[in-house]
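# A look at the structure
Each chain is listed here by its residues.
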Amino acid sequence: MKEMSPDEIRSFQQGRGLHVTGELNEATLRALDEARWKLGDRSLNLQPSPMMRGDDVAALQSRLTEMGFNCGRVDGIFGEITESAVKEFQKSVGVKVDGKCGPATIIALLRLTKIVSGGAPAALRESAAQKNRGPALANKVIVLDPGSESHEAEIVYDVAQRIEGRLLALGASVFLTRGAQNSPSEAERISFTNKSSADLLISLHVDHHKNPQARGVATFFYGSDQHGIHSIVGEKFASLVQREICARTDFINCRSHAKTWDSLRLTKAPAVRVDLGYSSSESDATRLAQADFRNAIAESFVIAIQRLYLAAEDDAKTGTLRISDLRNAGIRR
């Protein structure tokens with residue numbers, strides 16, 4: 001691989017939905033390796049850890065999804081669901097059914113005309129799964145993931161506890177990925193969330209920047225412009241919580257963004273990261289230090305969660321629904 005300038009690295013990171021640092025960190029090196037593979041460059045199959053990763057796997061998943069075969073999330077990782085989809089495809093076209101995407105399977109994929117366009121089956125499955133769970137919070141499993149960096153740990157853990165208390169009162173099952181003192185790794189948090197059979201993961205953070213003028217709230221969901229895919233439910237919730245927080249507080253709106261971070265990509269449930277302002281901003285830090293402000297943030301999250309599961313005709317305008325409205329409507333145990 002030729003040496004890359006910091007500007008080239010930043011451009012690549014931006015295009016891949018990574019943290020833009022200009023440095024060849026572990027995530028960037030992994031993404032560079034994945035980017036070098038195109039569908040047909042190698043045979044693809046299920047392997048013990050580490051699984052095969054690459055743009056060729058994502059292309060395979062996208063093509064199978066467009067034809068109606070369930071690959072789960074298009075994440076560029078050849079897992080068991082992808083293997084099962086390959087087998088189903090192989091059965092349908094009459095090639096050897098072994099779950100391996102070798103030359104014969106790739107040729108069949110490239111020759112066939114797309115039956116369904118735009119990845120609609122995956123979007124429909126994710127949306128249908130959300131709707132089938134119904135509007136009540138009593139049967140939902142919500143995982144809250146407070147960040148552990150020194151500048152954010154105390155604040156986001158406090159906010160997580162405030163959200164937890166409100167959700168428990170409404171009948172939801174709530175799990176936190178960490179306690180007040182411990183700091184699990186990202187991989188441990190992802191594993192914990194997946195084992196919890198979560199309906200939704202909310203990762204809570206406070207950003208920090210060398211420019212003290214940087215401030216405001218931003219939300220992030222899983223998506224890749226490179227592969228034209230994104231989490232339908234994740235994007236919807238990111239938008240809802242972004243709007244609710246901005247309607248109920250005076251945080252600057254830094255909008256919602258698609259990213260491919262592992263915490264969003266590898267979590268089976270729809271996952272959203274929320275950066276609650278900047279600790280390096282005097283105005284944001286002053287707001288976050290106030291208990292009433294943290295309460296407003298917590299209520300914003302709970303209302304956004306409920307709006308995610310409400311039918312469109314039952315929804316309310318941003319910033320108008322209250323937790324008491326949920327109780328009055330019987331949307332709880």
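Structure first, text after, so check above.
Residues numbered from 1 in each chain as written. Predicted model: local features only at pLDDT ≥ 70, side-chain atom pairs only at ≥ 80, totals over all residues. Heavy atoms only, no water.

### Describing the overall build of the protein chain
This is how the line gets drawn: Per the convention used, a helix needs a DSSP run of H or I reaching at least four residues, while a strand needs a run of E reaching at least two, with both numbered from the N terminus. With a 1.4 Å probe rolled over the protein chains alone, any residue whose accessible area is under 20% of its type maximum counts as buried; one over 50% counts as exposed, and the rest are partly exposed. Here, residues are in contact when the closest pair of their heavy atoms is within 4.5 Å. Each accessible area is a Shrake-Rupley result for a 1.4 Å probe, and residues are judged covered by the shown protein chains and nothing else.
Within the protein chain, the secondary structure is distributed over 13 helices and seven strands. By residue count, 50% of the 333 residues in the protein chain fall in the buried class. Taking the contacts inside the protein chain whose residues are at least 6 apart along the sequence as the reference set, 67% of them involve residues at least 24 apart. When the accessible area of the protein chain is evaluated, it comes to approximately 15900 Å², of which 50% is carbon and sulfur surface.

### Focus: the pairing of strand 2 (residues 173–176)
The test is simple: A crossover gets the label right-handed when its path from the first strand over the helix to the second runs clockwise, viewed with the strands pointing away from the viewer.
Residues of strand 2 alternate between two faces, with Val 174 and Leu 176 buried on one and Ser 173 and Phe 175 left unburied on the opposite face. Handedness of the β-α-β unit built from strand 1 (residues 141–146), helix 7 (residues 153–169) and strand 2 comes out right-handed.

### What about the packing of helix 9 (residues 232–248) against helix 12 (residues 291–309)?
Each pair of packed helices can be summarised by the angle the axes make with each other and by the distance between the axes. As a reminder, the rule being used: Helix axes are fitted to C-alpha atoms over the stretch in contact, other axes to C-alpha atoms as well, and angles between N-to-C directions run from 0 to 180 degrees. Here a crossing is called left-handed whenever its near helix is offset anticlockwise from the far helix by less than a right angle, and right-handed whenever the offset is clockwise.
Relative to each other, helix 9 and helix 12 sit at 140 degrees, their axes nearing to 8 Å. Crossing handedness for the pair helix 9 and helix 12: right-handed. Together, Val 233, Lys 236, Phe 237, Leu 240, Val 241, Arg 243, Glu 244, Ile 245 and Arg 248 of helix 9 and Ala 296, Glu 299, Ser 300, Phe 301, Ile 303, Ala 304, Ile 305, Arg 307 and Leu 308 of helix 12 make up the contact between the two elements.

### Here we look at the packing of aromatic side chains
Heads up, the rule is: Any Phe, Tyr or Trp ring, taking Trp's six-membered ring, that has another such ring centre within 6.5 Å forms a pair; planes under 30 degrees apart are called stacked, those over 60 apart edge-to-face, and the others tilted.
Applying the stated criterion to the full structure yields four aromatic pairs. For the ring pair Phe 220 and Trp 261, a centre distance of 4.8 Å and an interplane angle of 50 degrees mean the geometry is tilted. Residue Phe 220 is located in strand 4 (residues 217–224), and its partner Trp 261 is located in the loop between strand 6 (253–259) and helix 10 (262–265); the two are separated by 41 residues in the primary sequence. An identical accessibility class is assigned to Phe 220 and Trp 261; each is buried.

### Let's talk about helix 1 (residues 6–16)
Heads up, the rule is: Read the arc as the range of directions from the helix axis to the C-beta atoms.
Every buried residue of helix 1 is accounted for by Ile 9, Phe 12, Gln 13 and Arg 16. Projection of helix 1 onto a plane perpendicular to its axis shows the buried side chains occupying an angular sector of 100 degrees, all on one side. Turned more than 90 degrees from where helix 1 packs its buried face, Asp 7, Ser 11 and Gln 14 sit exposed. On its buried face, helix 1 sits against helix 2 (26–35) and helix 3 (55–66). One or two steps after helix 1, the chain reaches Gly 17, where phi turns positive at roughly 70 degrees.

### Points about the nonpolar core
Counted only if it meets this: Here, the term nonpolar core denotes a set of buried Ala, Val, Leu, Ile, Met, Phe, Trp, Tyr and Cys residues that are joined through side-chain atoms within 4.5 Å.
Residues Leu 276 and Phe 301 are the most contacted members of the largest nonpolar core, which totals 41 residues. Those elements giving two or more residues to this core turn out to be strand 1, helix 7, strand 2, strand 3 (200–207), strand 4, helix 9, strand 7 (271–278) and helix 12. Every residue in contact with Phe 301, bar those within four places of it in the chain, is listed here: Ile 163, Ile 202, Leu 204, Phe 237, Val 241, Ile 245, Val 274 and Leu 276. Judged by nonpolar contacts, the second largest core, of 16 residues, contains Phe 69, Phe 78, Cys 101 and Leu 109.

### Regarding the pattern of salt bridges
Filter applied, for reference: We define a salt bridge as a side-chain nitrogen of Lys or Arg found within 4 Å of a carboxyl oxygen belonging to Asp or Glu.
Evaluated as defined, the whole model comprises 17 salt bridges. Its salt-bridge partner being Arg 16, residue Asp 55 comes within 2.9 Å of it at the nearest N-O pair. Of this pair, Asp 55 sits in helix 3 while Arg 16 is found in helix 1, placing the two residues 39 residues apart along the sequence. Across the pair, exposure class does not vary: Asp 55 and Arg 16 are buried alike. Residues participating in the shared-partner salt-bridge network are Glu 244, Arg 248, Glu 299 and Arg 307.

### A look at unusual backbone geometry
A cis geometry characterises the amide bond from Ser 49 onward to Pro 50, with omega recorded as 0 degrees. Tracing the backbone shows Pro 50 in the loop between helix 2 and helix 3. Its identity as a non-glycine residue notwithstanding, Ser 197 has a phi of 55 degrees, on the positive side. Residue position: Ser 197 is located in the loop between helix 8 (186–195) and strand 3. The class for Ser 197 is exposed, based on a relative accessible area of 57%. Even without glycine at this site, Arg 255 takes up a positive phi of about 70 degrees.

### Structural notes on the side chain of Gln 90
Residue position: Gln 90 is located in helix 4 (residues 80–93). By relative accessible area, Gln 90 is classed as buried at 0%. Setting aside its immediate chain neighbours within four residues, Gln 90 contacts Val 95, Lys 96, Val 97, Asp 98, Gly 99, Lys 100 and Thr 105.

### Let's talk about helix 2
In an α-helix there are 3.6 residues to a turn, and that puts residues three or four apart on one side. Buried within helix 2 we find Thr 28, Ala 31, Leu 32, Glu 34 and Ala 35. Projected down its long axis, helix 2 shows its buried positions confined to an angular sector of 160 degrees, all on one face. Elements in contact with the buried residues of helix 2: helix 1, helix 3 and helix 10.

### Quick notes on the packing of helix 1 against helix 2
Here is the rule: Any angle that falls under 35 degrees is termed roughly parallel, while one over 145 is termed roughly antiparallel, one within 65 to 115 roughly perpendicular, and all others oblique. Under the scheme applied here, ten amino acids are nonpolar (Ala, Val, Leu, Ile, Met, Phe, Trp, Tyr, Cys and Pro), four are charged (Asp, Glu, Lys and Arg), and all others, including Gly, are polar.
Their axes nearest at 11 Å, the elements helix 1 and helix 2 cross at an angle of 75 degrees. Relative to helix 2, the element helix 1 is oriented roughly perpendicular. In this structure, helix 1 uses Ile 9, Phe 12, Gln 13 and Arg 16 to contact helix 2, whose residues at the interface are Thr 28, Ala 31, Leu 32, Glu 34 and Ala 35. Looking at the contact of helix 1 with helix 2, its residues break down into five nonpolar, two polar and two charged.

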